[in-house]
Amino acid sequence: MKTIIEPFRIKTVEPIKMTTVAERRRLIEEAGFNLFKLAAEDVIIDLLTDSGTSAMSAAQWGALMQGDESYAGARSWYRFERAVRNVFGFDHVIPTHQGRAAERILFSVTVRPGSVVPSNAHFDTTRANIQFAGGRAVDLPSPEAADPAARYPFKGNMDTAALERLIDEVGPERIPVIMLTVTNNSGGGQPVSMANVREVSRIARGHGIPFYIDACRFAENAYFIKLREEGYAGRTPLEIAREMFSYADGATMSAKKDAFANIGGFLTTNDGELAARERDLLILTEGFPTYGGLAGRDLEAIAVGLEEVLEEDYLNYRIVSTAYVANKLDEAGIPVMLPAGGHAVYLDAARFLPHVPPLEYPGQALAVELYVEGGVRGVEIGSVMFGKDPQTGEESPAKWELVRLAIPRRVYTQSHMDYVVEAVWQVYQRRHEIGGMKIVSQPEYLRHFSAEFARA
Ligand code: F0G
């Protein structure tokens, strides 16, 4: 059969409250034109994030009831540890309440003032945690990533020549860890090839630098390798994931993505001495090492989720259904980032609204109109998020003006996605009437969460 269906049936449903265009106009104005300030109930299709928003399976809900809530040595802990080791293969597993807690612990024990941590592209919390520990976070995306419309298979790769130059320049002793984010969220959800993982690993090992994978979307990345990289078509996603991790010294993980959990994460490594120091910190802020900020039932849900996410029917549906949205928009002449990433579709607001200058925030203007049109909530990734220098306070345009439509796992059906495509199309039809925005109030840091806007 050519038609690829959602490989699940729906047993529990959550009603969506419908609103009118007039109501949404009022609601977004009351929210200071900031989509983070809307009540989720007032959103029809919520594509703000794919994090923590997955639908859990019947098997996961069943496992919740088996959660062992013992403080130390709970049965759920052993099940979780086995599940993580089975996929990731590292000796030590440290549970955390979400991905950024794993990052904070890792960088607290490895980064010193003056340290430099390279990545293909750091996620914002990763960057912020490196900076908080006194280090500098450096993005080294591959040159192919520069053009949002260029169809390369592995636009998430790291520029390994730039990595070698950086190591020469600052010296390996100042680089406590090299990170690789799979898939590359900040770079459009684009995958990283196995060849690139291998090459980064070779360079890191050659200089004695530990190599960590930010593994939030590891299963999607593994499936892209299966589809696009020579030699992997006959391998299972689990085998591919294991190979990816075999080149690394450890990983940080947000179980809110590719583990279908609503909360959770972990840090995992082969370095026993480091793990001991990390566990000391864990006890300080997260909890005892056999639960670390999670309930036993959360550990159960993650253990089941890590198995389900590697099922081939699921991954095929996931990658195909995301591409379905991107390709439909592309066919209609709407500027999107191509090829489609794994977890999200990125609208190119700079080309969508070319008459709106970057510092009138075309991404924000587009995200607002998409909400007004169809009650669809996405997120601006452009000059609102990245346009203000945290040191000098000065404004300059970001590299890209994007609106990310992140797709929660197993939550929306094809008709929901057809509705999203129609909403984008309708906004595109009246794009010439859409003006820019200005900021009327903003906090010092991470302004996109709470800034308020007006029409420019
Ligand atoms: N790394 C990557 C690549 C991420 O995308 C995220 C979260 C994190 C780390 C942090 O994990 O949220 O569990 O603390 N990304 C979400 C998003 C928030 O919307 O892209 P966390």
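Per-chain numbering applies: the sequence of each chain, read as written, is numbered from 1 onward. Local features in this predicted model are restricted to residues of pLDDT 70 or higher, and side-chain atom pairs are both shown and tallied only at a pLDDT of 80 or more, whereas totals for entire chains, interfaces and linings draw on every residue. Excluding hydrogens and water, the side-chain figures rest on all heavy atoms present in the structure.

1. What to know about the overall build of the protein
Inclusion rule: A run of H or I in DSSP counts as a helix once it spans at least four residues, and a run of E counts as a strand once it spans at least two, with each numbered from the N terminus. Exposure is judged per residue with a 1.4 Å probe applied to protein chains only, and the accessible area is read against the type maximum: over 50% gives exposed, under 20% gives buried, and values in between give partly exposed. Whether two residues touch is decided by their heavy atoms; if any such pair falls within 4.5 Å, the residues are in contact. Here, Shrake-Rupley sampling with a 1.4 Å probe gives the accessible areas, and only protein chains in the shown set may cover a residue. Under this rule, positive means Lys or Arg and negative means Asp or Glu; His and the chain ends count for nothing. A charged residue contributes its charge at one atom only: NZ of Lys, CZ of Arg, CG of Asp or CD of Glu.
Secondary structure summary: the protein contains 16 helices and 14 strands in total. Over its C-alpha atoms, taken along the principal directions, the protein stretches across nearly 60 × 55 × 45 Å. Expressed as a percentage of the 456 residues in the protein, the buried residues total 58%. For the protein, contacts bridging at least 24 residues in sequence account for 72% of all contacts bridging at least 6. Accessible surface, the protein: about 18800 Å² in total, of which carbon and sulfur atoms supply 52%. A distance of 2 Å separates the average location of the 48 positive side-chain charges in the protein from that of its 60 negative side-chain charges.

2. Focus: the environment of Ile381
Looking at the element boundaries, Ile381 is found in strand 11 (residues 379–381). Note on Ile381: relative accessible area 13%, which makes it buried. Taking the C-alpha atoms as reference, Ile381 lies 6.7 Å from Arg404; in sequence the two are 23 residues apart.

3. Here's the deal with the sheet that holds strand 7 (residues 250–254)
Applied cut-off: Two strands make a pair as long as DSSP finds a minimum of two bridges between them. Fitted lines through C-alpha atoms serve as axes, helices being fitted only where they are in contact, and the angles separating the N-to-C directions of these axes extend from 0 to 180 degrees.
Strand order in the open sheet made by the five strands is 2-8-7-6-5, with mixed pairing throughout. A single partner strand is all that each edge strand has here, and the edge strands are strand 2 (92–96) and strand 5 (178–181). Looking at each pair of strands side by side, their axes are set apart by 15° on average, direction ignored. Alignment of strand 2 against strand 8 (residues 265–269), held across five bridges, turns out to be antiparallel. Opposite Ile94, over in strand 8, you have Leu267 as the bridge partner. Where helix 3 (residues 75–88) meets the sheet, it contacts strand 2, strand 7 and strand 8, and its direction lies at approximately 120° from that of strand 2.

4. Here we look at the sheet that holds strand 12 (residues 402–406)
Across the sheet, which stays open at both edges, the three strands sit in the order 9-12-11 with antiparallel pairing between neighbours. Strand pairing shows two members of the sheet lacking a second neighbour, strand 9 (344–348) and strand 11, which therefore form its edges. In this sheet, adjacent strand axes meet at a mean angle of 30° when their direction is disregarded. In terms of strand pairing, strand 11 meets strand 12 through three bridges, oriented antiparallel. Within strand 12, the residue paired with Glu380 across the bridge is Val403.

5. Focus: the pairing of strand 5
Convention followed: The handedness of a crossover follows from its direction of travel: if, with the strands pointing away from the viewer, the path from the first strand over the helix to the second runs clockwise, the crossover is right-handed.
Burial of the side chains of strand 5 extends over both faces: Ile178 and Leu180 are buried on one face and Met179 and Thr181 on the other. Relative to strand 6 (residues 211–214), strand 5 is paired through four bridges, and the arrangement is parallel. When the sheet's bridge partners are listed, Ile178 is paired in strand 6 with Phe211. After leaving strand 5, the chain enters helix 7 (residues 194–206) and then returns to the sheet as strand 6, a path that is right-handed.

6. Quick look at the domain arrangement of the protein
Rule in force here: Reported domain spans reflect what an automatic or database domain assignment gives. Accessible area that two parts lose when put together, with a 1.4 Å probe and added across both, is what the buried area reports. Any Lys or Arg side-chain nitrogen located within 4 Å of an Asp or Glu carboxyl oxygen qualifies as a salt bridge. Whenever a nitrogen or oxygen atom comes within 3.5 Å of another N or O atom, the pair is scored as a polar contact, on the condition that within protein one atom can donate a hydrogen and the other can accept it, and that pairs from neighbouring residues in sequence are kept only if both atoms are in side chains. Under this grouping Gly is polar, as are all residues other than the nonpolar Ala, Val, Leu, Ile, Met, Phe, Trp, Tyr, Cys and Pro and the charged Asp, Glu, Lys and Arg.
Domain boundaries assigned for the protein yield domain 1 (21–50 + 311–455) and domain 2 (58–308). Each of domain 1 and domain 2 was reduced to a C-alpha centroid, and the two centroids are 27 Å apart. On the side of domain 2, 34 residues touch domain 1, which itself brings 27 residues to the contact. Summed over both sides, the interface of domain 1 with domain 2 buries roughly 2600 Å², with 54% coming from carbon and sulfur. Inspection of the domain 1/domain 2 interface yields seven salt bridges. One salt bridge in this structure joins Arg318 and Glu220, with 2.8 Å as the shortest N-O distance. Inspection of the region where domain 1 meets domain 2 yields 18 residue pairs in polar contact (both at pLDDT 80 or more). Put simply, the parts of the chain that give the side of domain 1 that touches domain 2 at least two residues each are helix 12 (312–331) and strand 9. Broken down by element, the residue count for the side of domain 1 that touches domain 2 peaks at seven residues, all from helix 12. Class assignment of the residues belonging to the side of domain 1 that touches domain 2 gives a composition of 11 nonpolar, five polar and 11 charged.

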